[in-house]
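Chains, contacts and geometry: an overview
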Amino acid sequence: MSHLKVSTEGAVARVMLDRPEVRNAFNDALIAELAETFGRLGADPALRVVVLGGEGKAFCAGADLAWMREMAGYSWEQNRADAGKLADMLWAVYSCPLPVVGRIQGDCYAGGVGLAAVCDIVVAAEGVTFCLSEARLGLLPATIAPYVIRALGEQAARRYFVTAERFDAASARAMGFVHEVVAAGEIDAAVDAIVAAIVANGPMATRACKQLVRDVAGRAIDADLRADTARRIADIRASAEGREGIQSFLDKRPPAWLSAAK
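1. Some remarks on the sheet that holds strand E6 (residues 107-109)
- Read across the open sheet, the 4 strands follow the order E4-E6-E8-E9; overall the sheet is mixed. Single-partner strands in this sheet number two, and they are strand E4 (58-60) and strand E9 (166-168). The mean inter-strand angle of the sheet, taken between neighbouring strand axes irrespective of direction, is 20°.
- As judged from the 2 bridges shared by E6 and strand E8 (residues 129-131), these two strands associate in the parallel manner. Across the sheet, the residue bridging to Cys108 is Phe130, located in E8.

Following this line, the structure appears as structure tokens:
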């Protein structure tokens, strides 16, 4: 039985966690489906963007209670293998070449915060609560930490990792974790506006822009980086898409990729 709803319309894919009865909590099946789905969508050249959301009242509540009961009896080796699957899934979403827009319509706890953190753009509804609750259970948010610290910021992570306090969507936006906070009834319109902006851009350029941020962030601005960025712009200027984009601008006409996205 699938734990996801996956649909595509034109250049847009939508992936919805579909376990509302358990607040879209993770189990091994959902983790495996997410990893497989994002690997498959990322390899589809017809797609431009993926929207990731959840059905029901919560975006994702972290680990499923039944799954946690099962893990309580695991050996160290079994725990290591299980955590590795979660790490692989988060990497599959984070490294997806398509921009991923997170639609956070409901509460987002523990591993759910990690799933939000691997999205490129995050839109949250007013009233959404975030919580890195692992320390309350004597655990730590280790697998999600590389992504959450980057998205939330080191100083904020110092607080919320060790306190397990809840914080609201407005606070998440102030810390840079969330890009937009909107009324609950307006979240789809806000997500759709971002999706439309992405689809209007050159498809290969969009993928290259996402990769550029990941490759450049945190690097020293040395000769190697300057040479690398010069090579990248030369490559894309000389590409068919780059030439079409410049020529369509000069001709004052829509670029060819707009009709291809419909």
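After that view, the rundown keeps rolling.
2. Brief notes about the pattern of salt bridges
- Across all of its chains, the model carries 16 salt bridges by this definition.
- Where Arg103 meets Asp188, a salt bridge forms, and the shortest distance between an N and an O atom there is 2.7 Å. One end of the pair, Arg103, is in strand E5 (residues 100-104); the other, Asp188, is in helix H8 (residues 187-199), and 85 residues separate them in sequence.
- Under the relative-accessibility criterion, Asp188 is labelled partly exposed at 40%.
- Here Arg219 and Asp228 are joined by a salt bridge, their closest N and O atoms 3.7 Å apart.

Cut-offs used in this document
Residues numbered from 1 in each chain as written. Predicted model: local features only at pLDDT ≥ 70, side-chain atom pairs only at ≥ 80, totals over all residues. Heavy atoms only, no water. Pairing = 2+ DSSP bridges. Helix = DSSP H or I, 4+ residues; strand = E, 2+ residues; numbered from the N terminus. Axes fitted to C-alpha atoms, helices over the stretch in contact; angles between N-to-C directions. Salt bridge = Lys/Arg side-chain N within 4 Å of Asp/Glu carboxyl O. Buried < 20%, exposed > 50% of the residue type's maximum accessible area, 1.4 Å probe, protein only.

Any functional reading would require information that these geometric values do not contain.
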